Amino acid sequence: MAETQKSWEHRLGKATDSGAVDFVESLSFDKRLYKYDIVGSIAHAEMLCEKKLLTKDELKQIKDALIEISRQIAEGKFKFDKTYEDIHMAIEAALIAKIGDAGKKLHTGRSRNDQVATDMRLWMRDEIELIQAKIALLQKAFVKLAEKYVNDIMPGYTHLQRAQPISIAAYLLSFVEQLNRDNLRLKNCRLLLNLSPLGSGAIAGSSLPLDRKQVCGLLGFSDITYNTIDSVSDRDFCAEFVFDCCLIAAHLSKFAEDWIIFSTTEFDFIRIDDAFCTSSSMMPQKRNPDMLELIRGKAGAVYGSLMAILTILKAQPSGYNRDLQEDKVHTFKASDTIEACVDMACAIVENTAFKTEKISAGLDKGFLDATALAEYLVKKGVAFRTAHGIVGTLVAQCEKDGKGLAQISIEQFKKYSNVIGEDVYLCLGSKNVAASYATAAAASPAQGIEQVNYWKKQLATGE
Ligand code: ARG
């Protein structure tokens, strides 16, 4: 049997069936873990040397060869052979092929079970930082756009019906808040996963005097895991990470849905740059928001990944089971999808303009100032429920007459409530109403400016 054959072929007597080789392999998707696998192996080898399980010379040979393998993989010169099943065995086999006996000592006190758990945690630490950086760029794009429109007003909707006027900045900043929570969730996820499982072996640790804390320190984990059985089977962090991706997808799909609606001829609130639209193969006039539709649609795949991970984890017996190999398929799918969607959302936000003239021209429709009129009456001493009824009657009348509240004469107003004076007109009309919001974090232009400044500072420090 050649040196590079799997060591368990001494035990199994037969080579693996070729269909089974294809079925069991994960190399096709876990090769992206190669850097983390190599870093983990170097830390493990350093520790083995400290514990006199490797000589200094063997350690040097192992390190040099692993670095060379890493270079070969990075340059696309490494031959991936799926008979080695996964990235861990492919690298170990290449190491043994390069340096022989010293290479055979690397796996001392280690199992692929603790190895893969370590690789995934190392990978996810970096992946979280990458997604966080992308989210910060998207937040910056929203803030930049918000700054442009701090003094512009648009209708705010509830039930997709006109509700109250809001500043366009406040609308845009609502996404910055959502994304901020997404980043905090990822930060928390990173905090919880940043523990070293290495040294847990297959399930029970090892009878060799391995120094888990040394390896933990070398790999920049905050501590070691404290139960080896749990260490090799825990994939909570994958489920949690994918859940965090799901909420990002949910937020992006809300944004996409809004902007798809805003770009219709019926709304006509925004213009997305041509570079981010597609047309129709049949209808020559079309400018379709396909990128946004795909952001909305891809949320489906991310949610699917969460359901997959949770189902993989359900009722698995304690310890490692090969089911866990599937964690990567879904975790990678979710993170790749989120990366692509955040990037695309960012590009679209950077290349979209609000049609402010068009929006303001339509602001007198839909009685956006009705609530403010009721609050005007409250300020004059009328109970809110009574005020609500008076304004409701006025709105019904205006609808019949085909006019807005601001077009009611003072004499007419007085027929409905004698507390109404000339000053009523100061609280009517969308601009006046938006400027009058007095509560903290309200959707007024003044608060918009404050919030834009807050976020500019916040995002500049990266906190
Ligand atoms: N490729 C495997 C995975 O991703 C590595 C661990 C295999 N362990 C085992 N005992 N077969 O989970």
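Residues numbered from 1 in each chain as written. Predicted model: local features only at pLDDT ≥ 70, side-chain atom pairs only at ≥ 80, totals over all residues. Heavy atoms only, no water.

Lay out the state of the cysteines in plain terms, naming residues and giving numbers.
Across all of its chains, the model carries zero disulfides by this definition. Between C238, a cysteine without a disulfide, and C189, which holds the nearest cysteine sulfur, the sulfur-to-sulfur distance is 8.7 Å. Left unpaired, C246 is separated from the closest cysteine sulfur, that of C245, by 7.1 Å. In this structure C246 comes out as buried when scored by relative accessible area, which is 5%. (Disulfide = S-S within 2.5 Å. Buried < 20%, exposed > 50% of the residue type's maximum accessible area, 1.4 Å probe, protein only.)

Which residues make up helix α20 (residues 445-461), and what are the values?
Each full turn of the α-helix corresponds to 3.6 residues, which orients residues three or four apart in the same direction. For α20, which comprises 17 residues, the first-to-last C-alpha distance of 25 Å matches the rise-based estimate of 24 Å (1.5 Å per residue) to within 8%. All of the buried residues in α20 are P445, Q447, G448, V452, W455 and L459. The arc enclosing the buried residues of α20, seen along the axis, measures out at 140°, which places them on a common side. Exposed residues lying more than 90 degrees from the buried face of α20 are A446, E450, K457, A460 and T461. Looking at the buried positions of α20, the neighbouring elements they touch are α8 (112-148), β1 (153-158), β2 (161-167), α9 (168-193) and α19 (430-436). (Helix = DSSP H or I, 4+ residues; strand = E, 2+ residues; numbered from the N terminus. Expected span 1.5 Å × (residues − 1). Arc of directions from axis to C-beta. Contact = heavy atoms within 4.5 Å.)

Break down the packing of α8 against helix α12 (residues 236-262) for me, with residues and values.
For the pair α8 and α12, interaxial distance at closest approach is 11 Å and the crossing angle is 20°. Classified by the interaxial angle, the pair formed by α8 and α12 is roughly parallel. As α8 runs across α12, the sense of the crossing is left-handed. Here α8 contributes A117, M120, R121, W123, M124, E127, I128, I131, I135, L138, F142 and L145 to the contact with α12, which in turn contributes F237, C238, F241, I248, L252, F255 and W259. For the contact of α8 with α12, the class distribution of residues is 17 nonpolar, no polar and two charged. (Axes fitted to C-alpha atoms, helices over the stretch in contact; angles between N-to-C directions. Parallel < 35°, antiparallel > 145°, perpendicular 65-115°, else oblique. Left-handed = near helix turned anticlockwise from the far one by under 90°. Nonpolar A, V, L, I, M, F, W, Y, C, P; charged D, E, K, R; others polar.)

I'd love a proper account of the nonpolar core, names of residues and values included.
By size, the foremost hydrophobic cluster in this structure holds 107 residues, and its most contacted members are F142, L172, F241, W259 and F354. Per element, the largest residue contribution to this core is 15 residues, and it comes from α12. Ignoring sequence-local partners within four residues, the contact set of F142 consists of L172, F175, V176, L179, F255, W259 and V349. Counting residues in hydrophobic clusters, the runner-up holds 21 residues, among them F367, A370, L394 and I420. (Core = buried A, V, L, I, M, F, W, Y, C linked by side-chain atoms within 4.5 Å.)

How would you explain the site of the ligand if you had to name every residue and give the values?
Inspection of the region around the ligand gives S26, D86, H88, R112, N113, V116, Y320, R322, Q325 and K328 as its neighbouring residues. Between the ligand and N113 there is a distance of 2.8 Å, counted from a nitrogen atom to a side-chain nitrogen or oxygen. Note that a nitrogen atom of the ligand is positioned 3.3 Å from one of the side-chain N or O atoms of R322. At three residues, α8 tops the list of elements feeding residues into the shell around the ligand. Here the shell around the ligand is built from residues that sort into two nonpolar, four polar and four charged. (Near = heavy atom within 4 Å. Polar contact = N/O pair within 3.5 Å; in protein donor to acceptor, adjacent residues only side chain to side chain.)

Which residues make up the packing of helix α13 (residues 290-313) against helix α14 (residues 327-350), and what values go with them?
Orientation of α13 relative to α14, taken along the N-to-C sense of each, is 160°, at an axis distance of 9 Å. One way to sum up the angle between α13 and α14 is to call them roughly antiparallel. Two packed elements cross with a definite hand, and for α13 against α14 that hand is left-handed. When α13 is examined against α14, the residues M291, L292, I295, K298, A301, V302, S305, A308, I309 and I312 are found in contact with a partner set consisting of D327, H330, T331, K333, A334, T337, I338, C341, M344, A345 and I348.

Now, about helix α4 (residues 34-50): what can you tell me, with residues and values included?
In a regular helix each residue adds 1.5 Å, so 17 residues correspond to 24 Å; α4 covers 24 Å between its end C-alpha atoms and thus fits that length. When you tally the buried positions in α4, you get 13 out of 17 residues, the bulk of the element.

Outline the packing of aromatic side chains, listing residues and values.
Taken as a whole, this structure holds 17 aromatic pairs when the rule is applied. Between Y171 and F175, the ring centres sit 5.5 Å apart and the planes meet at 90°, which makes this aromatic pair edge-to-face. One end of the pair is Y171 and the other is F175, both in helix α9 and four residues apart, which spans about a single turn. Comparing Y171 with F175 shows no difference in burial state: the two are buried. One aromatic cluster in this structure is built from F142, Y149, Y157, Y171, F175, F255, W259, F262, F267, F269 and F354. K31 extends its terminal NZ or CZ atom over the ring of F80, reaching a point 5.0 Å from the ring centre. (Phe/Tyr/Trp six-rings, centres within 6.5 Å; stacked < 30°, edge-to-face > 60°. Lys NZ or Arg CZ within 6 Å of the ring centre and 35° of its normal.)

These values are about where atoms sit, not about what they do.
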